[in-house]
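# Examining the three-dimensional arrangement
Single-letter residue listing:
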Amino acid sequence: MIYLDHNATTPCDAAVVEEMKKWHTEMFFNPSSIYQPSQETKQAIEKARSQVAKMLDASSDEIIFTSGGTESNNIAITGTCLLKKNKGSHIITSLIEHHAVLNTCKFLEKQFGFNVTYLPVDKYGLVDPDDVKKAITDETILISIMAANNEIGTIEPIEEIGRIAKENDIIFHCDGVQVAGKLPISVKQLNVDFFSLSAHKFYGPKGIGALYVRKGVKFRPITYGGHQERGLRPGTENVPGIIGLGKACEIAENLMAEDASKEKELRDLLEKKLVENIPEMIVNGHPEKRLYNTLNICVKYVEGESMLLHLDMEGICASSGSACTSGSLEPSHVLLALGIPHEIAHGSLRFSLGRANTLADIEKTAEVLPKIVEKLRKMSPFWDKK
Ligand SMILES: *Cc1c(COP(=O)(O)O)cnc(C)c1O
């Protein structure tokens, strides 16, 4: 099997699993209880919190554990809007955000009458900071822009947008799920108030994530219960998950630079070989400002889903865009926002590399895909008429 879908999820690192093990079994205690083993559990949670904080250049008391990227985005966006709805009712985001952001904004529009500006992007998927500035009104209370796009890998100018938000005294949330564990991050330098991350995107366990909340920044909790996470995200802690997330951060910090250079080299090779061997193919995303592991292409006159099925038969796992878009008939909202016509967007494929990929994986994929495309095009009425 060749796994090239790391932007959807990654395998849990063996060292992470090992670290988590005892927190499922002998150290099963509720961290809120009074006895010694519970206190030890609480300390382990605090160690994990400092590991997450360190990776983000934040302090421990600025980290809240959540169930993942989706929940972190929901808490930051809904939590800010509910707190500030008397101050204003306008949100600025982009057309290419993850559905965890877009559908949260849609909920706020429908349920609470917020107005949302969905900023366009250029052909590479970049948000223009000037557009952000122009979209600001007296009513604007929140800006939410992702650090890097999960489908095309384009890296957004977060630091600049953060500066604009700060100058205008507007809360800035960044969905950092695709950069956390991949690139060095300083939330201070990025000027963000909220930053979302998810463990399973960087070799941690599924169902655990974190939200960075800048000191002094307030929000209304969206769930209510006990005092856990200072009452901001109540519920008995996912102890093994939290320990796993902390370990994944530690490992990511150590391996990041090495992963980056290795994966970039392999990704660039895959891109080069596919460009050479597949006619009428385009590469999506920014040529340079792009995640080093991501390659998104559109192959004209072929359906992405058909290519995926044929790749699957060869044991190659890839994606046609986001995991959420796969399985629906609509082409990716991200590719449409780049200005790619519907019929071409339907022919999209995303390869996202990871730590364990080898040169042999890339050579096999680069050899197999052009043949699949040729076969499918022979059956395509559109290719015939060309
Ligand atoms: C995967 C992903 C999410 C959702 O994270 P989960 O932990 O799976 O809920 C949010 N945003 C981006 C950019 C993602 O890639």
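Remember, it's a predicted structure, so these values are computed and weren't measured experimentally.

The rules behind these values
- Residues numbered from 1 in each chain as written.
- Predicted model: local features only at pLDDT ≥ 70, side-chain atom pairs only at ≥ 80, totals over all residues.
- Heavy atoms only, no water.
- Helix = DSSP H or I, 4+ residues; strand = E, 2+ residues; numbered from the N terminus.
- Rg over C-alpha atoms; globule rule 2.2 N^0.38 Å.
- Contact = heavy atoms within 4.5 Å.
- Axes fitted to C-alpha atoms, helices over the stretch in contact; angles between N-to-C directions.
- Parallel < 35°, antiparallel > 145°, perpendicular 65-115°, else oblique.
- Left-handed = near helix turned anticlockwise from the far one by under 90°.
- Nonpolar A, V, L, I, M, F, W, Y, C, P; charged D, E, K, R; others polar.
- Salt bridge = Lys/Arg side-chain N within 4 Å of Asp/Glu carboxyl O.
- Pairing = 2+ DSSP bridges.
- Phe/Tyr/Trp six-rings, centres within 6.5 Å; stacked < 30°, edge-to-face > 60°.
- Lys NZ or Arg CZ within 6 Å of the ring centre and 35° of its normal.
- Domains from an automatic or database assignment.
- Buried area = accessible area lost by both parts, 1.4 Å probe.
- Polar contact = N/O pair within 3.5 Å; in protein donor to acceptor, adjacent residues only side chain to side chain.
- Core = buried A, V, L, I, M, F, W, Y, C linked by side-chain atoms within 4.5 Å.
- Buried < 20%, exposed > 50% of the residue type's maximum accessible area, 1.4 Å probe, protein only.
- Near = heavy atom within 4 Å.
- Areas by Shrake-Rupley, 256 points an atom, 1.4 Å probe, with all protein chains shown as cover.
- pLDDT = per-residue confidence, 0-100.

### As for the overall build of the protein
- Scanning the protein from N- to C-terminus turns up 13 helices and twelve strands.
- A compact globule built from 386 residues would reach a C-alpha radius of gyration of about 21 Å, and the protein, at 22 Å, matches this within 12%.
- Taken along the three principal axes of its C-alpha coordinates, the protein extends 70 × 55 × 30 Å.
- In the protein, the proportion of contacts linking residues at least 24 apart, taken out of those at least 6 apart, comes to 74%.

### Section: the packing of helix α9 (residues 304-313) against helix α12 (residues 359-378)
- Two elements in contact, α9 and α12, have axes whose closest approach is 10 Å; the angle formed by their N-to-C orientations is 130 degrees. By the criterion of interaxial angle, the relationship of α9 to α12 is oblique. Helix-helix and strand crossings are classified by hand; for α9 and α12 the assignment is right-handed. In contact with Ser306, Met307, His310 and Leu311 of α9, α12 contributes Val368, Leu369, Ile372, Val373, Lys375 and Leu376.
- Of the residues assigned to the contact of α9 with α12, the class counts are seven nonpolar, two polar and one charged.

### Quick look at the pattern of salt bridges
- Counted under the stated rule, the structure contains 20 salt bridges.
- Taken together, the shared-partner salt bridges in this structure form one network comprising Asp13, Asp259 and Arg355.

### So, the sheet that holds strand β12 (residues 348-352)
- Within the open sheet, the three strands sit side by side as β9-β10-β12. Their pairing is antiparallel. In the strand order of this sheet, the two ends are held by β9 (281-284) and β12, each with one partner. Across the sheet, the mean angle separating the axes of adjacent strands is 25 degrees when strand polarity is ignored.
- Note that strand β10 (residues 294-299) and β12 share five bridges and pair antiparallel. Note on β12: the bridge partner recorded for Asn296 is Arg350.
- Across the face of the sheet, helix α8 (residues 239-277) comes into contact with β9, β10 and β12 while running at roughly 15 degrees to β10.
- Those strands touched by α9 are β10 and β12, and its axis lies near 45 degrees from that of β12.

### Observations regarding the packing of aromatic side chains
- According to the stated counting rule, one finds four aromatic pairs in the structure shown.
- One residue, Arg355, lies across the ring of Tyr203, its end atom 4.0 Å from the ring centre.

### Some remarks on the domain arrangement of the protein
- Split into domains, the protein comes out as domain 1 (2-7 + 256-384) and domain 2 (14-251).
- Taking the mean C-alpha position of each, domain 1 and domain 2 sit 29 Å from one another.
- Taken together, the contacts link 28 residues of domain 1 with 29 residues of domain 2.
- Both sides of the domain 1 and domain 2 interface together cover about 2500 Å² of buried area, and 60% of this is carbon and sulfur.
- Counting the contacts that link domain 1 with domain 2 gives zero salt bridges.
- If you look at where domain 1 meets domain 2, you find twelve residue pairs in polar contact (both at pLDDT 80 or more).
- Mapped onto the side of domain 1 that touches domain 2, the elements with two or more residues apiece are α8, β10 and α10 (333-337).
- In terms of residues, the side of domain 1 that touches domain 2 owes the most to one element, α10, which gives four residues.
- Grouping the amino acids of the side of domain 1 that touches domain 2 by side-chain chemistry returns nine nonpolar, 14 polar and five charged.

### Let's talk about the packing of helix α1 (residues 14-21) against α8
- Where α1 meets α8, the closest approach of the two axes is 8 Å, and the angle between their N-to-C directions is 145 degrees. Two packed elements cross with a definite hand, and for α1 against α8 that hand is right-handed. Contacts between α1 and α8 involve Ala15, Val16, Glu19 and Met20 from the first element and Pro240, Gly241, Ile243, Gly244, Lys247, Ala248 and Ile251 from the second.
- Tallied by class, residues from the contact of α1 with α8 come to seven nonpolar, two polar and two charged.

### Digging into the environment of Gly315
- Along the chain, Gly315 falls in the loop between α9 and β11 (316-317).
- The sequence separation of Gly315 and Ser94 amounts to 221 residues, and the corresponding C-alpha distance is 35 Å.
- Not counting the four nearest positions on each side in its chain, Gly315 is found in contact with Met1 and Ile2.

### Regarding the nonpolar core
- Formed by 68 residues in total, the largest nonpolar core has its most connected members in Leu56, Ile143, Phe195, Phe202 and Leu245.
- Considering each element in turn, this core owes the most residues, nine residues, to α8.
- When residues of this core are assigned to domains, at least three map to each of domain 1 (2-7 + 256-384) and domain 2 (14-251).
- If you look at the next biggest cluster of nonpolar residues, it comprises 26 residues, including Leu308, Ala318, Ala366 and Val373.

### Comments concerning the site of the ligand
- Around the ligand sit 13 residues in total, of which Thr70, Asp175, Gln178, Ser198 and Lys201 are the nearest.
- The separation between an oxygen atom of the ligand and a polar side-chain atom of Gln178 is 2.8 Å.
- Between His200 and the ligand, the recorded distance is 2.9 Å, taken from a side-chain N or O atom to an oxygen atom.
- In isolation the ligand has 380 Å² of accessible area, and contact with the protein removes 88% of it.
- Considering every element that reaches the shell around the ligand, the biggest residue donor is helix α3 (residues 69-84), with three residues.
- Broken down by class, the residue content of the shell around the ligand amounts to two nonpolar, nine polar and two charged.

### A short note on the confidence of the model for the protein
- For the protein, per-residue confidence averages 96 on the pLDDT scale, and 97% of positions sit at 70 or higher.
- The element-level mean pLDDT for the protein is lowest in helix α13 (residues 381-385), coming to 72, with strand β6 (residues 171-175) highest at 99.

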